[in-house]
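Take a look at the letters that make up each chain.
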Amino acid sequence: MTREAGTAGQLPPAADRVTGQWRKGGFGSRMYDFIVMHERVADPLGRLMWHNDMSDMYRDIAELGDLPAGSEILDVPCGGGVSFRGLRPGRRVRYVAADISPFMLDRARAEAARRDLSSVEFHQADVRALPFADATFDRCLTYNGLHCFPDPEAAVAEMVRVLRPGGQLRGTAVVTGGGRIPAACIAIFQRAAQFADVGTAEDIERWLAAAGIADPQVGRRGAYAFFSGRKARPEK
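Presented here is an overview of the structure given in this document. Predicted model, so just to flag it, every value in this text is computed and none were measured. (Residues numbered from 1 in each chain as written. Predicted model: local features only at pLDDT ≥ 70, side-chain atom pairs only at ≥ 80, totals over all residues. Heavy atoms only, no water.)

## Some words on the packing of helix α6 (residues 152–161) against helix α8 (residues 201–211)
Here α6 crosses α8 at 40°, and the two axes come no closer than 9 Å. In terms of their interaxial angle, α6 and α8 are classed as oblique. For the crossing formed where α6 meets α8, the hand is right-handed. Contact with α6, carried on its side by P152, E153, V156, A157 and V160, involves R206, W207, L208, A210 and A211 of α8 and no other residues of that element. Each residue belonging to the contact of α6 with α8 can be placed in one class, and the counts come to eight nonpolar, no polar and two charged. (Axes fitted to C-alpha atoms, helices over the stretch in contact; angles between N-to-C directions. Helix = DSSP H or I, 4+ residues; strand = E, 2+ residues; numbered from the N terminus. Parallel < 35°, antiparallel > 145°, perpendicular 65-115°, else oblique. Left-handed = near helix turned anticlockwise from the far one by under 90°. Contact = heavy atoms within 4.5 Å. Nonpolar A, V, L, I, M, F, W, Y, C, P; charged D, E, K, R; others polar.)

Encoded structure:
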């Protein structure tokens, strides 16, 4: 399946409560953005709710500054721009920040301006139908997104579609199987329409492999997982 670039405004209708909640930027979205932008708040809350902090995410973000010049990076959902802390002004990379929420994109634009990141591109986009051609990006980042997507398996397949062969998909997600407190927190967020289909770490590994990620790596601590892998190259 090939999609042409330049159709970011043509989104599929939001067919579920969770997507609708994130699109309109309600109280839960605002609280999430505040928490994740402040590591000193996010880490203790992560240990309390998910039995693991978010250090894997922040460490991975810090490595963005080491990517070679000319790299093309997709960040979806970009949220309020938490990943921008890994970028350096003037660095010659193409960085595309995509989110279904106009509220989050407004926050991300403000964060980019605050960090003097004038070259970041912004797209309102549904991860189930990304407005980019096949094999466009060298890296796709998806931090804290899978558990908010109504069809995470389809989202993973779509993100892998826009990766170049050999390109990396890296991200984090809340998963089931972490104990009673995380399970209760997941149920609360699902009732509030902040979380959708929360899978297991094994589900994520299966989704990555099915989408064409070679040797997917999924590490779970508590109810929080970090995952990564490279898109398989065509056999010669």
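## Structural notes on the packing of aromatic side chains
Following the criterion strictly, the structure yields seven aromatic pairs and no others. Ring geometry for F84 versus F122: centroids 6.3 Å apart, planes at 70°, classification edge-to-face. With F84 in the loop between β1 (72–75) and β2 (94–99) and F122 in strand β3 (residues 121–124), this residue pair connects regions lying 38 residues apart in the sequence. Judged by relative accessible area, F84 falls into the buried class, the value being 0%. (Phe/Tyr/Trp six-rings, centres within 6.5 Å; stacked < 30°, edge-to-face > 60°. Buried < 20%, exposed > 50% of the residue type's maximum accessible area, 1.4 Å probe, protein only.)

## So, the sheet that holds strand β7 (residues 224–231)
Whenever strands of a sheet pair, they do so through backbone hydrogen bonds, lying parallel or antiparallel. Pairing within the open sheet is mixed, and its seven strands lie in the order β3-β2-β1-β4-β5-β7-β6. Each of the sheet's edge strands pairs with one partner strand only, and the pair in question is β3 and β6 (213–221). The sheet shows a mean angle of 15° between the axes of neighbouring strands, taken without regard to direction. Inspection of the sheet shows β1 paired to strand β4 (residues 137–143) by three bridges, in the parallel sense. Note that in β4 the partner of D75 across the bridge is L141. Packed on one face of the sheet, α6 meets β4, β5 (163–174), β6 and β7 and runs near 145° to β5. (Pairing = 2+ DSSP bridges.)

## What about empty space enclosed by the protein?
Tallied over the full model, the rule gives three cavities of 30 Å³ or more. By volume, the largest cavity is sized at about 330 Å³. In terms of lining residues, the largest cavity is bounded by 25 residues, among which P77, D99, I100, C148 and F149 are the most central. Every element with two or more residues in the lining of the largest cavity is listed here: α1 (17–24) and α2 (27–36). Within the lining of the largest cavity, the residues separate by chemical class into 15 nonpolar, six polar and four charged. Quantified by volume, the second largest cavity comes out at close to 80 Å³. Lining the second largest cavity are L87, R88, P89, G90, R91, V93, R94, Y95, L117, S119 and V120. (1 Å grid on protein atoms, 1.4 Å probe; cavity = no way out; pocket = protein on both sides within 12 Å on 5 of 7 lines; lining within 4 Å. Points joined across faces, edges and corners; volume = space filled by probe spheres on them.)

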